[in-house]
Structure formats: C-alpha cells, structure tokens
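This is what each chain is made of:
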Amino acid sequence: MKGIDQDLSALQEVRDQVARAKAAVKAVKGYSQADVDRLCQAMAEAGARAAHDLARLAVQETGMGRVHYKILKNLLGSEGTWASIKDERTVGILNADTQTGITEVAAPVGVVAGIIPSTNPTSSALFKAIIAVKGRNAMVLSPHPGAKRCIMEAADILRSAIQRAGGPPDLVTCLANPTLESTGALMKHRDVSVILATGGSGLVRAAYSSGKPAYGVGPGNVPAYVDRSADVRKVAEDVVTSQSFDNGTLCCSEQALVIDAPVKVRLLEALAARGAYLCSPQETRLLEAYCNKGGAMNPAVVGQDPWKVAEAAGFHVKRSTTVLLAPQGGTCKDHPLAIEILCPLLSIHVVDGWREGCKVATSMLHRGGLGHTISIHCQDDEALEAFLLEKPASRIVVNGPSSMGATGFSTHLMPSFSLGCGPQAGNITSDNISARHLIHIKRAAAPRNDWKAVERRFHERAASLTGERAPRGSGMPGDPGMRTGGETSSKPPMHIPKVAAPALQPTPAPASAPVEAPRGVPTFTRQAMADDAPRPGNMSSQVVRNLPSPLSARSGSAPGKGTPSGASLTSVEIQGILENAGAGCPMGPCNGCPHKNENSGACSA
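Small disclaimer: the values here were computed from a predicted structure and weren't measured.

About the criteria used
- Residues numbered from 1 in each chain as written.
- Predicted model: local features only at pLDDT ≥ 70, side-chain atom pairs only at ≥ 80, totals over all residues.
- Heavy atoms only, no water.
- Helix = DSSP H or I, 4+ residues; strand = E, 2+ residues; numbered from the N terminus.
- Buried < 20%, exposed > 50% of the residue type's maximum accessible area, 1.4 Å probe, protein only.
- Pairing = 2+ DSSP bridges.
- Axes fitted to C-alpha atoms, helices over the stretch in contact; angles between N-to-C directions.
- Contact = heavy atoms within 4.5 Å.
- Phe/Tyr/Trp six-rings, centres within 6.5 Å; stacked < 30°, edge-to-face > 60°.
- Lys NZ or Arg CZ within 6 Å of the ring centre and 35° of its normal.
- Parallel < 35°, antiparallel > 145°, perpendicular 65-115°, else oblique.
- Nonpolar A, V, L, I, M, F, W, Y, C, P; charged D, E, K, R; others polar.
- Patch = residues over 30% accessible without salt bridge, like charges linked within 9 Å, V, L, I, M, F, W, Y side chains within 5 Å.
- Areas by Shrake-Rupley, 256 points an atom, 1.4 Å probe, with all protein chains shown as cover.
- Salt bridge = Lys/Arg side-chain N within 4 Å of Asp/Glu carboxyl O.
- Core = buried A, V, L, I, M, F, W, Y, C linked by side-chain atoms within 4.5 Å.
- Right-handed = clockwise from strand over helix to strand, strands pointing away.

Draft legend 1. Local environment of unusual backbone geometry. In this structure, Arg136 is a non-glycine residue whose phi angle is positive, near 65°. Relative to the assigned elements, Arg136 resides in the loop between α5 (121-134) and β4 (138-143). Here the phi dihedral of Asn247 falls at roughly 55°; this positive angle occurs in a residue that is not glycine. Given a relative accessible area of 2%, Asn247 falls into the buried group.

Draft legend 2. Representation of the sheet that holds strand β2 (residues 102-108) within the structure. Strand order in the open sheet made by the three strands is β1-β2-β17, with antiparallel pairing throughout. Of all the strands in the sheet, just β1 (92-97) and β17 (439-445) have a single pairing partner and so form its edges. In this sheet, adjacent strand axes meet at a mean angle of 20° when their direction is disregarded. Sheet topology note: the β1/β2 ladder contains five bridges and is antiparallel. Bridge pairing in β2 places Asp97 opposite Ile102.

Draft legend 3. Quick peek at the environment of Pro143. Here Pro143 is to be found in strand β4. Classification of Pro143 as buried rests on a relative accessible area of 3%. Separated by 35 residues in sequence, Pro143 and Pro178 place their C-alpha atoms 6.5 Å apart. With residues near it in sequence (within four places) discarded, Pro143 still touches Ile116, Lys148, Ile151, Cys174, Leu175 and Pro178.

Draft legend 4. How the structure looks around the packing of aromatic side chains. Scanning the model with the defined rule gives four aromatic pairs in all. Plain terms: the ring middles of Tyr69 and Phe245 are 5.8 Å apart, the flat faces sit at 70° to each other, and that makes the pair edge-to-face. Highlighted residues: Tyr69 in helix α4 (residues 67-85) and Phe245 in the loop between α9 (232-244) and β9 (254-260), separated in sequence by 176 residues. As far as the burial class goes, Tyr69 and Phe245 line up, both buried. With a centroid separation of 6.1 Å and 75° between ring planes, the pair formed by Phe127 and Phe417 is classed as edge-to-face. Here Phe127 is found in helix α5, whereas its partner Phe417 is found in the loop between α15 (402-406) and β17, with 290 residues between them in sequence. Assigned by exposure class, Phe127 and Phe417 land together as buried. An aromatic cluster is present here, built from Tyr69, Phe245 and Phe409 joined pairwise through their rings. Positioned over the ring face of Trp307 is Arg319, at 3.8 Å from the centre of the ring. When the ring centre of Phe458 is taken as reference, the NZ or CZ atom of Arg461 above it lies at 5.4 Å.

Draft legend 5. Highlighting the packing of helix α2 (residues 33-49) against α5. Taken N-terminus to C-terminus, the directions of α2 and α5 make an angle of 170°; their axes are 9 Å apart at the nearest point. Relative to α5, the element α2 is oriented roughly antiparallel. Counting all contacts with α2, which are made through Gln33, Val36, Asp37, Leu39, Cys40, Met43, Ala44 and Gly47, the residues of α5 involved are Leu126, Ala129, Ile130, Val133 and Lys134. Among the residues forming the contact of α2 with α5, the class breakdown is nine nonpolar, two polar and two charged.

Draft legend 6. Geometry of a nonpolar patch on the surface. Together, Leu388, Leu389 and Val398 line one region of the surface with nonpolar side chains, adding up to about 290 Å² of accessible area. Along the chain, Leu389 falls in helix α14 (residues 381-390).

Draft legend 7. Representation of the nonpolar core within the structure. Core analysis: the largest hydrophobic core is formed by 76 residues, its most contacted members being Leu141, Val172 and Ile195. Residue contacts for Ile195: discarding those within four places in its chain leaves Ala113, Ile115, Met187, Ala207, Ser210, Lys212, Pro213, Ala214 and Tyr215. Val226, Val240, Val263 and Leu346 belong to the second-largest nonpolar core, a separate cluster that totals 20 residues.

Draft legend 8. Just the sheet that holds β4, in detail. Taken together, five strands build an open sheet; the order of strands is β5-β4-β3-β6-β7 and the sheet is parallel. For this open sheet the edge positions go to β5 (172-174) and β7 (214-216), each flanked by a neighbour on one side alone. For this sheet the average axis-to-axis angle between neighbouring strands, irrespective of direction, equals 20°. Here strand β3 (residues 111-116) pairs with strand β6 (residues 192-197) via five bridges, running parallel.

Draft legend 9. View of the pairing of strand β15 (residues 371-377). The buried fraction of β15 is high, at seven of seven residues. The pairing of strand β8 (residues 222-226) with β15 spans three bridges and is parallel. Directly across from Tyr225, in β15, lies its bridge partner Ile376. In this structure, β15 lies alongside strand β16 (residues 393-398), joined through five bridges in parallel fashion. Among the inter-strand pairings, Thr373 is bridged to a residue of β16, identified as Arg395. Regarding topology, α14 serves as the crossover connection from β15 to the parallel β16, and that connection is right-handed.

What follows is the structure, encoded as structure tokens:
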C-alpha cells in the first residue's frame, strides 16, 4: 500500500497542530497573571540552558552563522525577552482610571502562526513562543525547511518546560514537515488569529494577503553614516563588532558605510587594524558577480565567513578577516553591492558632508530597506537632528553597533527578532514586536462627568443652524418624543391614577363595526400589570375620566352624579376622541392648534 502523499500529509499536520493549539488556548483561558508568568519563566530558563546545544545544532543544519554568536542570540531570545516583559501585565484588568472612567482589560488573541527563518532559527522560535504564551496564546511554529530540525528541537524544549510548570504543552507546537503549501495553509487557517512572519519579502507579502492580521518584517538595507565629527576608532570597533555578530545574518546589520570624506583615510586604517579587508577594483567586480544574482542577494553568501565569501568569489583573504570592504560609486542598480547582503560585506560610499550623506543613506533605504534601520556615527547636533527627522527608518542607532542596537541587545529598545518597518514598507507597525502586540485590549467606559453640559452645548450649536431646539429623542426640554417627565416633556403629562377599575361594563361596539386598538395606545402584558392598575378593557374609560367636562357633557353624562364620567361613551366614540387628540391631549387635535410650534412640533400648552 502506497504511503500518503507528502503534501496531503503536511496539510493534515497543519489542521492537527492548529486544533491542538486551539484546545491549549481554551485550557489556559482562566489562568491568572501569576500562572502565565510561571510558564514563561520556565520557558525562558529552559531556552537559556539549551542555548549552546541549540546554537550548535542550528549551525550544523543551516551552515549559517557562528556558534558563539548564536548562543548570544538564544540568550537574547529567551532570558533577554523574558526580562523585558516579565513585569508587563497581559492578563485581566490592565488599568482602571477613576478620572476618565475607562477600564482596560487584556484578552488573548488566540492561535498565533509563527513563521521562522533559517537565519535566526532557534532564537526566533524561543522569542516568538515566549511573547505568545505571555498573553495566554498558543504558538504554531512553521520552520524554514532548511532549519526544521533545530527549530523542532527548540519547540520540544519549550513544550517540556511548559509541562513541568503545570501548563498544557500544546501552547507551543511545530510543523515537522513544512512545505510552502502547508505554510500557506497555516496562515489561512480559520482558527489562526494572528501571523508573525519573519522571512523574505515574498513571505511577508503572502502573510499580509492571507486575510489574517499579520506582523510582517520587511527587508533591511542598513546604511551607516560616519560624520567628520565621529570618533573613528570607536566607529571601527562598533562596525566590526556588529558585522561579526553571527556573520551579519540579522536584517538590521550594516550593509553600507557612507563615509564623510575628511575621515575616510583614518576610518579605513582603523577598520584594517580590526581585521577588515579593503578590496581592489578587480576583487570588487568578482564580489559583484558572485553576491548579486539577478538583482538580489545570492543565498549562498548568507551567514558565511568573509574568507569563504572571498574564495567563492574568486580571490583569497586571511581567515582572520573580519569584514570585506567593497567601494561602490553609487547606490543605483549599476552598483550591485548596494543591496542587502547578509554576510560581513560592506559597500563603501564616500560623500562630502552630512547633507550628501543624507541623500545617499536615503537612497540606500529606498533600494531595499525602507522603514527598517539606519545608523549614524556623529557628534554634530545639526547633522544628527537631520538624520533623526528626515530618514525613513523606524530605528536609528546612534553611535553604536546596528545589529545589537536595533534588536535591543545594546540599547534600551524592546528586545525583539521581529522588527516592524511601518506602513511605508507595507508593515502594520514600526515597533519592535513583543508581547503587547499579541493581546487585544477591551475598554469599558463610563460617561464623563461633564457629559450633559457638553451635550447641551452641542445641541445649542446644532439648533442655531436648524432652528430645532429639542429634536425628538434628545431629552431636551420640549422633546416631542417625551410624554412624561415633568418640565422636559413637550406636552402636559397624562396622569392615570392608581385606583381600582370601575365595575362598569362598557357599551359593546356594534357587530358591524369591529374596533381595533387605537394607534398610540399602550399595550400591556399580563405580567406587567399590577393588581391595582387599570385593566386593558377599561383603559379608555380611565383616560376619558380625566378629560375636561365639555367632552363629558357632550357624551350625555353629567359629572358629579355618582357615575364616573365617560361611562356612557361607546367604544367607537372613545376611539375617535383618542385619534383626533393625538396621545390624549385635552386641548384637542394638534393640527391648527395655536399651542403647536409648526417648526419644531413642540407644544407650548
């Protein structure tokens, strides 16, 4: 018997994993903040303990990056992430403001689909799972096929930690056999609430077109501007440190050095002292042909050591080389290295002053890193302010390494491996994604103390335009829709005394003229009537009993003789009185009445 088709098996796995995740969300629905935090702390501690093993496994499987720096990433994705959110409230009442009357309540979003890249596989899995569980959500991980083994191992470590802490392990699940089709099916599954997509621009577009809310992360093409006022020795240290951080696999790592001409020579010397290699024109052309394939980065270079990139391109450098420096004459398509290339390779651009530096840096961002990250090394306040105000980047790292700065490792930005680029790059947010993005906040609001005064002022403004001082339903004095309520009613109140119904039989209507209940007369249910309230059959008599004497006299009955007024009226006559007098107004019909305001309909009687 032939085995089941691999694609069908992958799609079935998606359904199974989402169902398990949905059940886990239901299981923790009643968890307190302390319960959730206990699970997250256990996950973070387990991830930190396994940081070395996961780093080694990731490098072995993907061939990208360096074990030492992947350990640092795993620590940031576990301990660093937990430290940044451990005191954040994500369960129950977040805030109750007695001044505004607004109460904010946190609720989980549900099942989260986490798309994990091969560049930062285990660290991203740890990070995404922890911020999801912090909000009482479940995470279904969809690994890059080239990193599925190490990501699956990270998921198993987290599941065991959750179980030991007393929670349902299915708060974290992972697709064992991911395919493009199964990843697409996961993002479109009806029970998936939110997508966390980290990967190429095609994947991010797919996430946003799935019909689900998605936090996508755009590509980076990070320029680092070095002003003539910068400390060049510190710049060299920051740049080499950043490029060495897992061989530049983070999308927020520098891609180009935009150097102010007066410091060019000193900066290149300082970089050379830290192991950087300045390529010749011939070597630069070899790198252009190897690293740029059809206008895009060659995937074979991602996370590789500089000496490996050089040898693959066709020339030799020392194995101790830290960064390859390749001069480029511009940032357009004629300069192939002015794009995002995720390895220790930097294009070099020389400018005259910060204004020209601004233009080149902006051009770099527009070529592939719009909204992402930029770094600036500068002591000149005017130049620094221009970069802060004008650059279309969501993160601006000042006088520090870009890789660690943008992710919150070396700065006080929120630690994150999902860096939003904002609407300019087609992303929903420019934030460093964290736990706060995986809860939704309900708000209860009570009327403000000055509401009635505010409402009255707005009604007065509208009335000055329409002439209608008390529109129907406004509750303002003269509101035609109010039939009771004292001075705010547009008509005298119709009082029905609480007395027992008179023991009189109303005159039956002729058989030839059946009577329907007049419009506007209230209808009562048996449950709503009190024992001493007038009965429906006698309601018309009770109304007529309060009418002025001329009507009673016209009916042929004289008041004050011991017989309730209106007793001799027929049902047809009573119906006619009520229809002609609107809602029982003793003044008679409204049409033509001198007490009726023809503009507003209000009664001045």
